[in-house]
Amino acid sequence: MVRLTMDLIAKSTSHRARSEEDSGQCLRKLTHLNLAEKNIDAIGDLSLCKNLRVLYLYDNQISQIQNLDFASNITHLYLQNNCILRMENLSPLKKLEKLYLGGNCITVVEGLDEMEKIRELHIESQHLPPGEKLLFDPRSLEALAKSLSVLNISNNNIDELEGLAVLENLSSLTAADNQLQHMKDLEVVLNKWTKLRRMDLAGNPICHQPKYRDRIVVHSQTLESLDGKEIKEMERRFLMNWKASKAARKKSSERMTNEHAAYLHF
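The sections below set out a description of the structure shown in this document. On a predicted model such as this, the values are computed, not experimentally measured, just so you know. (Residues numbered from 1 in each chain as written. Predicted model: local features only at pLDDT ≥ 70, side-chain atom pairs only at ≥ 80, totals over all residues. Heavy atoms only, no water.)

With respect to the pattern of salt bridges
The condition that has to hold: Any carboxyl oxygen of Asp or Glu that lies within 4 Å of a side-chain nitrogen of Lys or Arg is treated as forming a salt bridge with it. Each helix is a run of H or I in the DSSP string that is no shorter than four residues. Each strand is a run of E no shorter than two, and both are numbered from the N terminus. The buried label applies to any residue whose accessible area, calculated with a 1.4 Å probe on protein chains only, is under 20% of its type's maximum; exposed applies above 50%, and partly exposed to all values in between.
For the structure shown, the criterion picks out 11 salt bridges. Of the charged contacts in the structure, one is a salt bridge between glutamate 114 and lysine 94, with a shortest N-O distance of 3.0 Å. Residue glutamate 114 is located in the loop between β7 (108-109) and β8 (120-122), and its partner lysine 94 is located in the loop between β5 (76-78) and β6 (98-100); the two are separated by 20 residues in the primary sequence. Taking the relative accessible area as the measure of exposure, glutamate 114 reaches 48% and is therefore partly exposed. In this structure, arginine 139 and aspartate 137 form a salt bridge, with 3.2 Å as the shortest nitrogen-oxygen distance. Judged by its relative accessible area of 12%, aspartate 137 is buried.

Quick word on the packing of helix α4 (residues 183-192) against helix α5 (residues 212-219)
Selection criterion: In this analysis an axis means a line fitted to C-alpha atoms, helices contributing only their contacting stretch, and an angle means the value between N-to-C directions, from 0 to 180 degrees. Oblique is the label for every angle not falling under 35 degrees (roughly parallel), over 145 degrees (roughly antiparallel), or within 65 to 115 degrees (roughly perpendicular). Handedness of a helix crossing follows the sense of rotation of the near helix relative to the far helix, less than a right angle counterclockwise being left-handed and clockwise being right-handed. By definition, residues are in contact when any of their heavy atoms lie within 4.5 Å. When residue character is reported, Ala, Val, Leu, Ile, Met, Phe, Trp, Tyr, Cys and Pro are called nonpolar, Asp, Glu, Lys and Arg charged, and the others, Gly included, polar.
Remark: α4 packs on α5, axes separated minimally by 10 Å, with the N-to-C direction vectors making an angle of 25°. It follows that α4 is roughly parallel to α5 by the angle criterion. For the crossing formed where α4 meets α5, the hand is right-handed. Between α4 and α5, the contacting residues are Met183, Leu186, Glu187, Leu190 and Asn191 on the first element and Tyr212, Arg215, Ile216 and His219 on the second. For the contact of α4 with α5, the per-class residue count stands at five nonpolar, two polar and two charged.

Notes on the sheet that holds β6
Quick note on the threshold: Strand pairing follows a simple DSSP-based rule, namely that at least 2 bridges must link the two strands.
The strand order across the open sheet formed by 10 strands is β2-β4-β5-β6-β8-β10-β11-β12-β13-β14, and the pairing between neighbours is mixed. Where the open sheet ends on each side, the last strands, each with one partner, are β2 (32-34) and β14 (229-230).

What about the environment of arginine 119?
If you trace the backbone, arginine 119 turns up in the loop between β7 and β8. Once the C-alpha coordinates of arginine 119 and glutamate 97 are considered, the two residues, 22 residues apart in sequence, prove to be 5.1 Å apart. Setting aside residues up to four positions removed in sequence, arginine 119 forms contacts with Glu97, Lys98, Ser147, Leu148, Ser149 and Val150.

A word on the environment of asparagine 82
What counts here: Any N or O atom pair separated by 3.5 Å or less is treated as a polar contact, with the protein-specific requirement of one donor-capable and one acceptor-capable atom, and with residues adjacent in sequence counted only for side-chain atom pairs.
On the secondary structure map, asparagine 82 appears in the loop between β5 and β6. It is 6.8 Å that separates the C-alpha atoms of asparagine 82 and serine 63, two residues lying 19 residues apart in sequence. Apart from the residues lying within four places of it in its own chain, the contact partners of asparagine 82 are Leu57, Tyr58, Asp59, Asn60, Gln61, Ile62, Gly103 and Asn104. Within the local environment of asparagine 82, its side chain forms a polar contact with the backbone nitrogen of glutamine 61, the two atoms lying 3.2 Å apart.

Notes on the packing of aromatic side chains
This is how the line gets drawn: Only Phe, Tyr and Trp rings are paired, with Trp represented by its six-membered ring, and only when their centres lie within 6.5 Å; those with planes under 30 degrees apart are stacked, over 60 edge-to-face, the remainder tilted.
Scanning all chains against the criterion turns up three aromatic pairs. With a centroid separation of 6.3 Å and 85° between ring planes, the pair formed by tyrosine 56 and tyrosine 58 is classed as edge-to-face. Relative accessible area serves as the criterion here: at 23%, tyrosine 56 is assigned to the partly exposed category. When the ring of tyrosine 78 is compared with that of tyrosine 100, the centres are 4.4 Å apart and the planes differ by 10°; the resulting orientation is stacked. Here tyrosine 100 lies in strand β6 and tyrosine 78 lies in strand β5, a separation of 22 residues in the sequence. Across the pair, exposure class does not vary: tyrosine 78 and tyrosine 100 are buried alike. Feature note: the residues Tyr56, Tyr58, Tyr78 and Tyr100 constitute an aromatic cluster, connected by ring pairs.

What to know about the side chain of arginine 236
What counts is decided by this rule: As used throughout, the charge tally considers Lys and Arg to be positive and Asp and Glu to be negative, leaving His and the chain termini uncounted.
Relative to the assigned elements, arginine 236 resides in helix α6 (residues 233-265). It is glutamate 233 that comes nearest to the buried, bridge-free arginine 236 among opposite-charge side chains, at 4.1 Å. For arginine 236, the side chain forms a polar contact with the main-chain oxygen of valine 217, separated by 3.5 Å. Here serine 220 takes part through its backbone oxygen, which lies 2.8 Å from a polar atom of the side chain of arginine 236.

By themselves these figures say nothing about function.
Here it is as structure tokens:
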């Protein structure tokens, strides 16, 4: 296995320093670092890389998020397809905007209490213990409430979305291949997500319910795409008119029933 250290970074960069001083200056100026697929199992001391903005560490063997205290300038962190068990030690990343953690072994979305600038969180396809589902720490969700715009939670055995209703600026939700099945629960969160533009629920039991697409299109006026298929304005208008017509018929029927009941009572 390989430990991520300054020496490894120096060897991996194209820069060929003529002296140790030149090498240190190079590391301090580094803004992008790609160390994907290097069989890395641990993150060592990277404190010289203070100007790092984007760090690619996907497709390695990393089991713990650590030693990122130096990384106050990182905006993009790619850690997908590793062996990470917990979301921890992320609070120093004050400028983090995009966090990629798909394909790990995380069971709880946590440790984001102080992360108020994250715009994208990708945490799909965790290797969960049999019968378990991905859970969300309410404190982390509250911290992300105003900033998070893109969320990918596909393939995590999730059976309800109610806790995510606090994400008021959500514009894109990918929650395919989960266990969502109750339309009423979905309608509750759609009422809160007033900026939602794209949603993918393909592969959930709820998709097999009668009028599944129609009900969602009618319920969310901002949605532009559902399960990868564009929602055209003509489709929405037709469904809204159909809903209004149905409601009018129901109201008329109830009025006639009430009048008939009153007549019989008289």
